[in-house]
Amino acid sequence: MNCPKCSEQELSSQGLRGIEVDRCSQCQGVWFDEAELGRLIDDQAVGGRSLGGRDSGLDRHPGQCPRDGTALLRVYSKWNRSVVLDRCPECRGVWLDGGEFQRLNP
Ligand SMILES: [Zn+2]
Ligand SMILES: [Zn+2]
């Protein structure tokens, strides 16, 4: 699987608190499959409110799901509103940019 943010970078499997996640060595982002995320972060922490497609931010072109290529939706975390996650509407996997996981799980 390729990193949704760094187009040419392969994700590598890595253990994180006892489960396997896919991590990008370049941007330090982490991909969680739906089942994996639920085991690390209460699913409630991942908001349902989409920010919509237009975001003025510096931050990027929208990512694409590394599993199925679907455009990721940007959603707020319910736990920490300053954390914006990218969620796949198709497989419900979630991408956290480098450092975001730590901000949800201090
Ligand atoms: Zn990356
Ligand atoms: Zn997907």
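Details of the structure are given in the entry above.
Residues numbered from 1 in each chain as written. Chains lettered and ligands numbered in written order. Predicted model: local features only at pLDDT ≥ 70, side-chain atom pairs only at ≥ 80, totals over all residues. Heavy atoms only, no water.

Time to look at the pairing of strand β2 (residues 19-24). Among the six residues of β2, five are classified as buried, and the element is accordingly described as predominantly covered. Sheet topology note: the strand β1 (residues 11-16)/β2 ladder contains six bridges and is antiparallel. Bridge assignment links leucine 11 to a residue of β2, and that residue is cysteine 24. Two strands pair when backbone bridges link them, and β2 and strand β3 (residues 30-32) are joined in this way by two bridges, in the antiparallel orientation. By the bridge assignment for β3, aspartate 22 is matched with tryptophan 31. Taken together, β2 and the strand that follows it, β3, pair antiparallel across an intervening segment of five residues, in which glutamine 28 is found at a positive phi of about 70°. (Buried < 20%, exposed > 50% of the residue type's maximum accessible area, 1.4 Å probe, protein only. Helix = DSSP H or I, 4+ residues; strand = E, 2+ residues; numbered from the N terminus. Pairing = 2+ DSSP bridges.)

Distances from the zinc ion (ligand 2) to its protein donors, namely Cys65 (SG), Asp68 (OD), Asp68 (OD), Cys88 (SG) and Cys91 (SG), fall within the range 2.3 to 2.7 Å. If you list the donors of the zinc ion (ligand 2) from N- to C-terminus, the spacing comes out as C-x2-D-x19-C-x2-C. (Donors = N, O, S within 2.8 Å, 3.2 Å for Na, K, Ca; no water.)

All right, on to the nonpolar core then. One finds Leu16, Val21, Phe32, Leu40, Leu85, Leu96 and Phe101 to be the most contacted residues of the largest nonpolar core, which totals 14 residues. Every element with two or more residues in this core is listed here: β2, β3, α1 (34-40), β7 (94-96) and α2 (100-104). The residues contacting phenylalanine 32, other than those within four sequence positions of it, are Leu16, Val21, Leu37, Leu40, Gly93, Val94, Leu96 and Phe101. Cys6, Cys24, Leu72 and Cys88 belong to the second-largest nonpolar core, a separate cluster that totals nine residues. (Core = buried A, V, L, I, M, F, W, Y, C linked by side-chain atoms within 4.5 Å. Contact = heavy atoms within 4.5 Å.)

This next bit is on the coordination of the zinc ion (ligand 1). Taken together, Cys3 (SG), Cys6 (SG), Cys24 (SG) and Cys27 (SG) make up the protein donors of the zinc ion (ligand 1), found 2.3 Å from the metal. Metal-centred angles of 105 to 118° between the four donor atoms at the zinc ion (ligand 1) mark the site as tetrahedral. Read in sequence order, the donor residues coordinating the zinc ion (ligand 1) give the pattern C-x2-C-x17-C-x2-C. The class for cysteine 24 is buried, based on a relative accessible area of 0%. (Tetrahedral: all angles 85-135°; square planar, octahedral: opposite > 155°, others 65-115°.)

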